[in-house]
Amino acid sequence: MPRGFVVRSLASPHTEREETAMHDHPIHDHPMHDHRKLGRELGLFDTDPLIGSGLPYWLPDGAVIRHTLEEYIRDAERRAGYRHVYSPVLGKRELYEISGHWSHYSDDMFPPMDLGGEQVVLRPSLCPHHALIYRSRSHSYRELPLRVAELGGMYRSELSGVLGGLTRVRAIQLNDAHIFCTLDQVAAEAAGALEMIGRAYAALGIRPVRHRLSLPGAGGKYVAAPEMWRRATAMLTDVLDRSGLPYEAVEGEAAFYGPKIDVQIADGAGREATLSTVQVDFHQPEQFDLHYIGPDGGRHRPVMVHRSIIGSVERAVAHLIEVYGGAFPAWLAPTQLVVLPVTEAELPRAEALVRRCAELGLRAEVSGPEHGSLGARVRAARLAPYQAVIGAKEAAGDEVALRLRDGRALDAMPAAEALARIADLVAARTTALWEPAVQRA
């Protein structure tokens, strides 16, 4: 037994469904919100019975948050050396028979569709597609590690009783990636993925409740390869030990093909769920006969490291709604700046300021006198990170009087300076509202 963790058994035989469990450690010091209620009130997402249960649609403000989050992840992955791909959401049943999903996971898959004498299914996972993308070309050991990433759709046949808001859905947009590497590279790649998760959580203001080493348990549908499990578990245990992160080993929570590191979050009621994961997989490279040409000129089997930085976009956004109650960090906020002309006379200057924001890539809107008194408009825009008040004095001098969401009111300053400072904060993807100087990321 490695030092630093304990083993706990759960009744559930597998975790790809990311079953939630009660947890008594609060994730934040303030009460969290119900994302289902708040998401509808703020116009972020909704559902319709004609579309179906577990199939939410995204409204414009929610789509802004989702798009911004996806762009952050793509940028972080590009910086870390990942190559992005697209793959279809459909695949032949045979693909999932080879991968092992059909024999180990078919209860969570939608039924096959008959197309021209072939059976096609909605994919429950992206990894078989990425294995085939790797297999489509010959690879030298000099190319490894090869990091393949995709923000792709997948589908889970969730029971109606467990569906709710964005946390349990049937159509999932997954931040997924697979690293094809040599055995000697596995530890560094898994550790690098864990560090990426930590950086993303810092930018998003997410605090995990714990890290979990997810192991197989009795009675589950797991690939029968004891030596493979032993090696993969030893690798992930070493990565966690070296990271210095406290963690707990839990039996019955592994993927069917291998152990994994799960990063756990909790909602306001203390219900725990997996958001991010790092997995070591010897099984699928064997199933798909993946190989690379080594320095000896021979064929060698790569190892497949699965990793997801923010997991499903739906679950990540649900958690952010609950953490922030709609008062998102400036870089994620649907509206970053609300411009408040005191009277109709300042309206042209306010509209010009919004156009300048658009040129800087900032999301801004005008709330004019037709929406009520200045005080009423300030209260209505309370969730926006920044409010720019323009009175007669500010309009004459091309200035703005900034109000921050935390209640601070700044002295009037040149509009160009205010927008540049806000743009720098947004580009830095920080949770801070205001700093004397901000370095771009």
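Residues numbered from 1 in each chain as written. Predicted model: local features only at pLDDT ≥ 70, side-chain atom pairs only at ≥ 80, totals over all residues. Heavy atoms only, no water.

How do you make sense of the pattern of salt bridges when you look at a structure like this?
Between side chains of opposite charge, a pair can form when the charged atoms approach closely. This model, assessed by the stated rule, comprises 30 salt bridges. Between E77 and R307 there is a salt bridge, with its nearest N and O atoms 2.7 Å apart. Residue E77 is found in helix 2 (residues 60-79), and its partner R307 is found in strand 17 (residues 303-308); the two are separated by 230 residues along the sequence. Neither E77 nor R307 differs from the other in exposure class; each is buried. Between D398 and R349 there is a salt bridge, with its nearest N and O atoms 3.9 Å apart. In this pair, D398 sits in the loop between helix 12 (392-396) and strand 21 (399-404) while R349 sits in helix 10 (residues 347-359), placing the two residues 49 residues apart along the sequence. Look at D398 and you get partly exposed, because its relative accessible area is 28%. The structure contains a network of salt bridges with shared partners spanning D75, R78, R79 and R429. (Salt bridge = Lys/Arg side-chain N within 4 Å of Asp/Glu carboxyl O. Helix = DSSP H or I, 4+ residues; strand = E, 2+ residues; numbered from the N terminus. Buried < 20%, exposed > 50% of the residue type's maximum accessible area, 1.4 Å probe, protein only.)

Looking at this structure, I do not really get the packing of helix 10 against helix 13 (residues 415-427). What am I missing?
Packed helix pairs are characterised by how far apart their axes lie and by the angle those axes make with each other. Their axes nearest at 11 Å, the elements helix 10 and helix 13 cross at an angle of 40 degrees. Along this stretch, helix 10 crosses helix 13, giving a crossing that reads as right-handed. Of the residues in helix 13, those touching helix 10 at L353, R356 and C357 are A415, A416 and L419. Residue composition of the contact of helix 10 with helix 13, grouped by class: five nonpolar, no polar and one charged. (Axes fitted to C-alpha atoms, helices over the stretch in contact; angles between N-to-C directions. Left-handed = near helix turned anticlockwise from the far one by under 90°. Contact = heavy atoms within 4.5 Å. Nonpolar A, V, L, I, M, F, W, Y, C, P; charged D, E, K, R; others polar.)

Would you take a moment to explain the packing of aromatic side chains for this structure?
Two measures describe an aromatic ring pair: the distance that separates the ring centres and the angle between the ring planes. This model, assessed by the stated rule, comprises four aromatic pairs. Both rings, one in Y134 and one in F180, keep their centres 4.5 Å apart while their planes meet at 20 degrees; by these two values the pair is stacked. Within this pair, whereas Y134 is found in helix 5 (residues 127-135), its partner F180 is found in strand 10 (residues 171-181), the two being separated by 46 residues in sequence. For the ring pair Y386 and W434, a centre distance of 6.4 Å and an interplane angle of 65 degrees mean the geometry is edge-to-face. A residue pair is termed long-range when its members are at least 10 positions apart, and Y386 in strand 20 (residues 386-390) and W434 in the segment after helix 13 qualify at 48 residues. When its relative accessible area of 14% is taken as the criterion, W434 is described as buried. (Phe/Tyr/Trp six-rings, centres within 6.5 Å; stacked < 30°, edge-to-face > 60°.)

I keep staring at the nonpolar core and nothing clicks. Help me out?
A general trend in soluble globular proteins is that nonpolar side chains are found buried together. If you look at the biggest cluster of nonpolar residues, it comprises 91 residues, and the most contacted ones within it are F328, L337 and Y386. Examining the composition of this core, we find that 10 residues originate from one element, helix 6 (residues 186-204), more than from any other. Those residues within four positions of L337 in sequence are excluded, and the remaining contacts are C357, R363, A364, E365, Y386, Q387, A388, L402, L419 and I422. (Core = buried A, V, L, I, M, F, W, Y, C linked by side-chain atoms within 4.5 Å.)

Is there a simple way to think about the environment of G258 in this case?
Along the chain, G258 turns up in the loop between strand 12 (247-251) and strand 13 (260-266). Residues G258 and L55, spaced 203 residues apart in sequence, show a C-alpha to C-alpha distance of 29 Å. Among all residues touching G258, those that are not within four sequence positions of it are W229 and V280.

Explain the environment of G161 here, please?
By the element assignment, G161 lies in the loop between strand 9 (146-155) and strand 10. As a C-alpha pair, G161 and D34 span 127 residues in sequence and 18 Å in three-dimensional space.

Would you explain the pairing of strand 8 (residues 118-122) in this entry?
Successive side chains on a regular strand alternate, one facing one side of the sheet and the next facing the other. Bridge analysis of strand 6 (residues 90-92) against strand 8 gives three bridges, and the strand direction is antiparallel. By the bridge assignment, K92 is partnered in strand 8 with V120. Judged from the three bridges that link them, strand 7 (residues 113-115) and strand 8 form a sheet pairing that is antiparallel. Note that in strand 8 the partner of D114 across the bridge is Q119. From the end of strand 7 to the start of strand 8, which pair antiparallel, there are two residues, and G116 there has a positive phi angle of about 55 degrees. (Pairing = 2+ DSSP bridges.)

Explanation requested: the sheet that holds strand 21 in the structure shown.
Note: strands within a sheet are paired through backbone hydrogen bonds, in either parallel or antiparallel orientation. Read across the open sheet, the five strands follow the order 19-18-20-21-22; overall the sheet is mixed. Both edges of this open sheet fall to strand 19 (364-366) and strand 22 (413-414), since each of them pairs with a single strand only. In the sheet, strand 18 (residues 337-341) pairs with strand 19 via three bridges, with the strands oriented parallel. Of the residues in strand 19, the one forming a bridge with V339 is V366. On the sheet, helix 10 packs against strand 18, strand 19, strand 20 and strand 21 and is oriented at approximately 165 degrees with respect to strand 19.

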